[in-house]
Amino acid sequence: MTTTTTAMTDTIQTAMKDAAEKAKATMEKSQAAMGDMGAFAKGNVEAVVEAGKILASGMQEMSKGYMTESKSVVETMTAEIKDLAAVKSPAEFFEKQSAMMRKQFDAAVAASSKNSEAMLKLASEAFQPISNRVSLAVEKFKHAA
């Protein structure tokens, strides 16, 4: 009976020791995972901040471009109005006005196209850091599964 009790005690102690080791290993893995999650979350915040910086810088550059374009348009319109004021006949007025309107329409279409392309490029550049983080998250989930 004492041999059985001793064997049973040894079995229980071994099982408890194994359970403690497994619990310790699980705890270490959990701590490592929590550290990884913290680093990943920090990386996400950094990506959002970087995207914001890119967007702000790009918007600032676009605003400068708009101001330059606006100044040029005002100068051109001033010159064209002076030219219209110097006409000698209604026919000449309508001819110059028509040419001016055609020129301004073409310039507006070109500027709109240019600005749309610039905005799409900026959006793509600003989203790139976030896109990189999403790709990283997908890779981590693939490896975890």
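Described in the following lines is the structure provided in the data block. (Residues numbered from 1 in each chain as written. Predicted model: local features only at pLDDT ≥ 70, side-chain atom pairs only at ≥ 80, totals over all residues. Heavy atoms only, no water.)

What to know about the pattern of salt bridges
- Under the counting rule described, the total for this entry stands at seven salt bridges.
- Salt-bridge contacts for lysine 96 lead to glutamate 92; the nearest nitrogen and oxygen are separated by 3.7 Å. You can see lysine 96 and its partner glutamate 92 sitting in helix H2 (residues 90-144), four residues apart, about one turn around the helix.
- Exposure remark for lysine 96: the relative accessible area of 26% places this residue in the partly exposed category.
- Close ionic contact of glutamate 125 with lysine 121 constitutes a salt bridge, the shortest N to O distance being 3.6 Å. Here lysine 121 and glutamate 125 lie together in helix H2, a separation of four residues that amounts to about one turn. (Salt bridge = Lys/Arg side-chain N within 4 Å of Asp/Glu carboxyl O. Helix = DSSP H or I, 4+ residues; strand = E, 2+ residues; numbered from the N terminus. Buried < 20%, exposed > 50% of the residue type's maximum accessible area, 1.4 Å probe, protein only.)

Let's talk about the side chain of arginine 133
- Positionally, arginine 133 belongs in helix H2.
- For arginine 133, the contacting residues outside a window of four places in its chain are Ala39, Phe40, Gly43, Asn44 and Ala47. (Contact = heavy atoms within 4.5 Å.)

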